[in-house]
Amino acid sequence: MRIIKKKTNIDFIGKRRPALFISSVLNLAILVGITIFGFNFGVDFAGGTVVELKFDHRVNAEDVRRRAQAAGLHDVSVQGIGSASENSFLLRLGGVTQLTKENSALAETAVQALGPIKFFHADLDNGLINFRAEQKLDPEQIKKAVETTGTGIKEVRSLGEAQGGGNDYQVVVSGMADRVFSAMRHGMEKPDFIVQRVDYVGPQVGKQLRNKGIMSLLYAMVMILIGYSINDTIVVYDRIREEMVRYKGKPLPEIINIAVNDTLSRTILTSGVTALSLVGLLIFGVGEIWDFAMAMLVGIIVGTYSSVYIASPLTIWLDERAAAKERQAKTGMKAKIA
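Residues numbered from 1 in each chain as written. Predicted model: local features only at pLDDT ≥ 70, side-chain atom pairs only at ≥ 80, totals over all residues. Heavy atoms only, no water.

Explain the pattern of salt bridges residue by residue, including any values.
In total, this model carries eleven salt bridges according to the counting rule given. Arg-66 is the salt-bridge partner of Asp-63, the closest N and O atoms lying 3.1 Å from each other. Separated by three residues within a single helix, Asp-63 and Arg-66 lie in helix α3 (residues 61–70), roughly one turn from each other. Given the relative accessible area of 30%, Asp-63 is considered partly exposed. Classification of Arg-66 as partly exposed rests on a relative accessible area of 47%. Arg-239 is the partner of Asp-262 in a salt bridge, and the nearest nitrogen-oxygen pair spans 3.7 Å. Highlighted residues: Asp-262 in helix α9 (residues 252–262) and Arg-239 in helix α8 (residues 230–246), separated in sequence by 23 residues. Accessibility expressed as a relative area gives 19% for Asp-262, which makes it buried. What you see here is one network of salt bridges that share partners, running through Arg-239, Glu-242 and Asp-262. (Salt bridge = Lys/Arg side-chain N within 4 Å of Asp/Glu carboxyl O. Helix = DSSP H or I, 4+ residues; strand = E, 2+ residues; numbered from the N terminus. Buried < 20%, exposed > 50% of the residue type's maximum accessible area, 1.4 Å probe, protein only.)

And the structure:
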């Protein structure tokens, strides 16, 4: 099967220097972008909370985002999933609990207002506040005092009297999912949504996954090196070898041009069919699925491009380098004889 029925005569090699310049600029831009903006890690790698909500009426992502921001969730990310008629959305928030360094300090001040305390410790990762009061306190008063700081409280546990004197208490702070539910129910007698799922990833687990993911990516890059285009590159190189036998004495750039043009139809067909399999994922996929499909598509385009403008010109560079070394060797020999 041939996509291009007539033989082409495109001067690919003649454009190798502009292509090299463009490749260098793009690579530099990518490195600068990574340095300035970093990676956009998902909840799995950065830690946080994902809540899936399904509404009982027609609503779009902007409506959901506007409602969340009006209730104080300014750092929420909203993404529609499935078809528009499903009215399902993913809401992402950083963090697992509502306990932060700032509101834990406010909570400590609020607890101290109830009576003297001997120690106060806030576990930010797990959303727990442990403290010891010199006198017995009412758990309900503790809950109301901490809630005045804007922190949601799930429960307050009385741990009994301590051996060294005083009474121990533990405050369990609500998760970020509860904050989402409260924000989305704000001003309503009855919620207009149901919760489909809630996923939590702690910061420590996310950090471990992120580090392992980066190392896996580096190992994979080293192992596959040329990547997707290795098969196409082998085909082009094999055709160059055949054409060198057929056109002995012809300059190498011309032979490479002939080989690339001869395999152009196959290259377009192979890459096109592979890219075609990603169309459905790009149209209907959301979230990580869409990101994966787009990364695959970029890989196909770059892989095809590199077979023509990176691998083939590299052959010319190696040939020119070998010829230059041979000339230097001959010049050195003549100098010694003279």
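This is not the end of the story, as more comes after the structure.
Any chance you could break down the sheet that holds strand β5 (residues 128–133) for me, citing the residues and the numbers?
Reading across from one edge, β4-β5-β7-β6 is the order of the four strands in this open sheet, with antiparallel pairing throughout. The open sheet is flanked by β4 (117–123) and β6 (153–161), the only strands paired with a single partner. Direction aside, the axes of adjacent strands within the sheet are offset by 15° on average. Here helix α5 (residues 139–147) sits on the sheet in contact with β5, β6 and β7 (167–173), set at roughly 135° to β6. (Pairing = 2+ DSSP bridges. Axes fitted to C-alpha atoms, helices over the stretch in contact; angles between N-to-C directions. Contact = heavy atoms within 4.5 Å.)

Just give me the short version of helix α4 (residues 101–112), but keep the residues and values in it.
Given a rise of 1.5 Å per residue, twelve residues ought to cover 16 Å, and the 17 Å separating the end C-alpha atoms of α4 matches this to within 8%. Taken together, the buried positions of α4 are occupied by Asn-103, Ser-104, Ala-107, Ala-110 and Val-111. Viewed along the axis of α4, the buried residues span an arc of 115°, placing them on a single side of the element. Opposite its buried face, α4 presents the exposed residues Lys-101, Glu-102 and Thr-109, each directed more than 90 degrees away. For α4, the elements touching its buried residues are β4, β5 and α5. (Expected span 1.5 Å × (residues − 1). Arc of directions from axis to C-beta.)

How would you explain the side chain of Asn-103 if you had to name every residue and give the values?
Among the secondary structure elements, Asn-103 is positioned in helix α4. Of note is the side chain of Asn-103, whose polar atom sits 3.4 Å from the side chain of Thr-151. Apart from the residues lying within four places of it in its own chain, the contact partners of Asn-103 are Gln-98, Thr-149 and Thr-151. (Polar contact = N/O pair within 3.5 Å; in protein donor to acceptor, adjacent residues only side chain to side chain.)

Requested: an account of the environment of Asn-60, with residues and values cited.
Tracing the backbone through its elements, the reader meets Asn-60 in the loop between β1 (48–55) and α3. Sequence separation of Asn-60 and Ser-85 is 25 residues, and the distance between their C-alpha atoms is 9.8 Å. A distance of 3.2 Å separates a polar atom in the side chain of Asn-60 from the backbone nitrogen of Glu-62.

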